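Here are the chains, one letter per residue:
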Amino acid sequence: MAGLRIEGEQEPLLGDTPGSREWDILETEEHYKSRWRSIRILYLTMFLSSVGFSIVMLSIWPYLQKIDQTADTRFLGWVIASYSLGQMVASPIFGLWSNYRPRKEPLIVSIFISVAANCLYAYVHIPASHNKYYMLVARGLLGIGAGNVAVVRSYTAGATSLQERTSSMANISMCQALGFILGPVFQTCFAFIGEKGVTWDVIKLRINMYTTPVLLSAFLGILNIILILAILREHRVDDSGRQCKNINFEEASTDEIQVPQGNIDQVAVVAINVLFFVALFVFAVFETIIAPLTMDMYAWTQEQAVLYNGIILAALGVEAVVIFVGVKLLSKKIGERAILLGGLIVVWVGFFILLPWGNQFPRIQWEDLHNNSIPNTTFGEIIIGLWKSPMEDGNERPTGCSIEQAWCLYTPVIHLAQFLTSVVLIGVGYPVCNLMSYTLYSKILGPKPQGVYMGWLTASGSGARILGPVFISQVYAHWGPRWAFSLVCGIVVLTITLLGVVYRRLIALSVRYGRIQE
């Protein structure tokens with residue numbers, strides 16, 4: 001008996017009108033197995049893409065210094081931002097491509113670009129000069145390759161019914177989170193190779209702690225291409241789970257039906273893009289500020305900041321995986337819109353708790369005082385504590401809140417209990433907002449090809465990851481955490497207001513036109 005499994009892949013999805021071939025049997029067993037094999041290959045693709053991004057994050061700065069002594073923290077900021085810039089440009093292009101051609105094409109091309117970028121990264125030490133620019137190009141190309149996120153999510157949205165959608169999107173997000181968690185772990189495992197490592201003279205390849213991670217990532221990318229060629233097939237179903245015809249199909253089937261027509265609610269589309277931008281913006285703010293904030297408030301050394309904040313970020317990754325599993329279950333009872341609203345409220349509470357209060361002030365760092373001006377802190381300088389040694393130049397760096405930041409003299413300390421409570425809440429709210437934005441977006445768009453729309457959503461997230469660090473580095477350096485977190489709270493309140501205004505419009509296309517009941 002043919003059937004389509006729902007969520008736990010256990011129940012058949014049968015039609016509503018007995019006697020009609022189109023509604024009685026929605027999917028054959030063969031089609032079902034092929035469809036889910038293809039979706040699982042894309043889970044792997046998302047995981048490997050995340051690993052490729054994070055596997056070198058802890059070593060970019062020392063490697064950049066090693067290959068080019070002229071590189072400074074300002075350039076480091078550009079190197080890190082180049083990934084998001086590349087993804088922002090490439091996502092709509094790959095999305096458009098996937099709308100009119102088999103999805104294998106943009107997937108394979110994007111992964112090949114990522115493989116080439118990793119190989120370039122391994123060879124940036126070869127040129128006699130301008131090595132830092134080669135690294136900039138390598139990270140930008142890796143970001144372009146990561147533009148396939150739009151293809152992965154649009155394929156998954158088009159290959160799942162409404163009942164399967166939330167679970168599938170949650171699985172993609174879990175794979176993405178696991179990639180971000182395990183990437184730095186892989187980097188740490190290669191640290192024993194050391195900076196010198198070994199050299200393969202024939203191809204002038206240095207195999208050391210900086211290049212081994214990207215070589216592994218390149219190998220996994222090639223393996224991913226092979227799996228896509230061997231396993232991925234074009235599948236598309238409507239919101240009820242019936243097979244649909246589209247340009248991507250390699251073979252036509254007599255069981256396939258035409259995609260139901262209906263206009264997409266553009267107001268809802270724009271609203272979700274804004275909501276998604278804000279969700280990624282506030283988390284980028286949090287990720288960027290966590291190191292300087294803890295060093296200023298608790299007088300942590302750079303070594304302590306790297307260790308403790310690394311543990312915190314790893315714990316957030318694990319927490320996100322748990323949240324994704326919980327959301328899959330909760331969404332069946334209260335719906336995606338309510339969960340999204342709850343996630344935004346939790347994020348707001350998390351940042352509100354971070355507001356300084358009381359009469360206790362942070363320890364002041366009086367050393368190295370040159371003047372009373374506020375430094376022009378760049379994005380690169382904000383995150384530099386992740387890589388610099390605490391014993392640089394043979395002297396231990398002073399700890400505490402620098403007197404060069406005038407707000408240190410009058411801003412109360414953020415207590416450790418405040419900080420940890422906020423971390424937990426933001427770690428709950430962000431993955432909820434991320435997942436629900438993607439899920440609602442895919443349902444609003446309906447069964448039509450979603451490549452371009454998913455490309456724009458991915459691009460808006462990339463833009464948020466660029467602007468978030470720039471925003472917080474400037475506001476925090478000049479006015480301190482009170483102003484920084486107050487502004488973030490204000491942004492989240494406006495976003496919650498927007499969600500309230502468009503709440504009734506955030507429904508699936510099939511529900512909007514009465515083809516399926518909500």
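Fair warning: this is a prediction, and the values are worked out from it, not measured in the lab. (Residues numbered from 1 in each chain as written. Predicted model: local features only at pLDDT ≥ 70, side-chain atom pairs only at ≥ 80, totals over all residues. Heavy atoms only, no water.)

Participant: Explain empty space enclosed by the protein to me, using residue names and the numbers behind them.
Facilitator: Under the counting rule described, the total for this entry stands at four cavities of 30 Å³ or more. Every residue lining the largest cavity is counted, 18 residues in all, and those nearest its centre are Leu48, Ser49, Ile111, Ser114 and Ser217. Contributions of two or more residues to the lining of the largest cavity are made by α2 (29–54), α5 (104–122), α6 (131–145) and α9 (212–231). Tallying contributions element by element places α2 first for the lining of the largest cavity, with five residues. Here the residues of the lining of the largest cavity sort into eight nonpolar, ten polar and no charged. (1 Å grid on protein atoms, 1.4 Å probe; cavity = no way out; pocket = protein on both sides within 12 Å on 5 of 7 lines; lining within 4 Å. Points joined across faces, edges and corners; volume = space filled by probe spheres on them. Helix = DSSP H or I, 4+ residues; strand = E, 2+ residues; numbered from the N terminus. Nonpolar A, V, L, I, M, F, W, Y, C, P; charged D, E, K, R; others polar.)

Participant: Break down helix α8 (residues 162–189) for me, citing the residues and quoting the values.
Facilitator: Between the first and last C-alpha of α8 there are 41 Å, a value that for 28 residues agrees with the 40 Å anticipated at 1.5 Å per step. Of all the bends found along α8, the most pronounced is centred on Leu182 and spans about 25°, while Pro184, a proline, follows it within four residues. (Expected span 1.5 Å × (residues − 1). Bend = angle between axes of the 7 residues up to and from the residue.)

Participant: Please give an account of a nonpolar patch on the surface that cites residues and values.
Facilitator: Together, Leu178, Leu182 and Val185 make up a nonpolar patch on the protein surface, roughly 200 Å² of accessible area in all. Structurally, the position occupied by Leu182 is in helix α8. With a relative accessible area of 30%, Leu182 lands in the partly exposed category. (Patch = residues over 30% accessible without salt bridge, like charges linked within 9 Å, V, L, I, M, F, W, Y side chains within 5 Å. Areas by Shrake-Rupley, 256 points an atom, 1.4 Å probe, with all protein chains shown as cover. Salt bridge = Lys/Arg side-chain N within 4 Å of Asp/Glu carboxyl O. Buried < 20%, exposed > 50% of the residue type's maximum accessible area, 1.4 Å probe, protein only.)

Participant: Hey, could you go over unusual backbone geometry for me, with residue numbers and the actual values?
Facilitator: Backbone geometry at His130 places phi at a positive 55°, although glycine is not the residue there. Within the element layout of this structure, His130 appears in the loop between α5 and α6. Its identity is not glycine, yet Ala299 carries a phi of approximately 55°, on the positive side. Positionally, Ala299 belongs in the loop between α10 (266–298) and α11 (302–334). Among the residues examined, Ala299 registers a relative accessible area of 15% and is labelled buried.

Participant: Tell me what's going on with the pattern of salt bridges, and back it up with residues and numbers.
Facilitator: This model, assessed by the stated rule, comprises five salt bridges. The salt bridge involving Glu164 is made with Arg35; its shortest N-O contact spans 3.1 Å. Of this pair, Glu164 sits in helix α8 while Arg35 sits in helix α2, placing them 129 residues apart in sequence. The exposure class assigned to Glu164 is buried, which follows from its relative accessible area of 1%.

Participant: Tell me about the state of the cysteines, residues and numbers included.
Facilitator: In the structure shown here, the tally under the stated rule is one disulfide. Note that Cys401 is cross-linked by a disulfide to Cys408, the S-S spacing being 1.8 Å. In this structure the cystine formed by Cys401 and Cys408 twists about its S-S bond by roughly -60°; its chirality is therefore left-handed. We classify Cys401 as buried; its relative accessible area is 0%. Judged by its relative accessible area of 1%, Cys408 falls in the buried class. (Disulfide = S-S within 2.5 Å.)

Participant: Outline the packing of α2 against α8, supporting the account with residue identities and numerical values.
Facilitator: One way to put it is that α2 packs onto α8 with a least axis distance of 7 Å and a crossing angle of 35°. By crossing handedness, the relation of α2 to α8 is classed as right-handed. Within the contact of α2 with α8, the residues separate by chemical class into 13 nonpolar, seven polar and two charged. (Axes fitted to C-alpha atoms, helices over the stretch in contact; angles between N-to-C directions. Left-handed = near helix turned anticlockwise from the far one by under 90°.)

Participant: Any details on the side chain of Asn118? Residues and values, ideally.
Facilitator: With respect to the helices, strands and loops of the structure, Asn118 is situated in helix α5. On the basis of relative accessibility, which here comes to 5%, the residue Asn118 falls in the buried class. Apart from residues no more than four positions distant in its own chain, Asn118 is found in contact with Leu142, Val214, Ser217 and Ala218. (Contact = heavy atoms within 4.5 Å.)

Participant: Give me the lowdown on α10, citing residues and values where you can.
Facilitator: When the terminal C-alpha atoms of α10 are compared, their 47 Å separation across 33 residues agrees well with the 48 Å that a helix rising 1.5 Å per residue should span. At Ile289, α10 shows its maximal bend, which comes to roughly 45°, and the proline Pro292 appears one to four places after that position. With 27 of 33 residues buried, α10 lies mostly within the body of the structure. The opening residue of α10, the one whose side-chain oxygen lies 3.1 Å from the backbone nitrogen of Val267, is Asp265. Just downstream of α10, Ala299 is the residue with a positive phi angle, here 55°. (Polar contact = N/O pair within 3.5 Å; in protein donor to acceptor, adjacent residues only side chain to side chain.)

Participant: Go over the confidence of the model for the chain, please, and point to the residues and values.
Facilitator: Predicted coordinates in areas of low pLDDT are best not read in detail. Counting all residues, the mean pLDDT for the chain is 80, and 82% of those residues have values of 70 or more. The lowest-confidence element of the chain is helix α1 (residues 21–24), averaging 38 in pLDDT; the highest-confidence one is α5, averaging 95. For the stretch residues 1–25, pLDDT sits under 50, and the model shows 55 contacts to residues farther than four places along the chain or on other chains. Per-residue pLDDT stays below 50 along residues 381–395; that stretch engages in 34 contacts with residues further than four places along the chain or on separate chains. (pLDDT = per-residue confidence, 0-100.)

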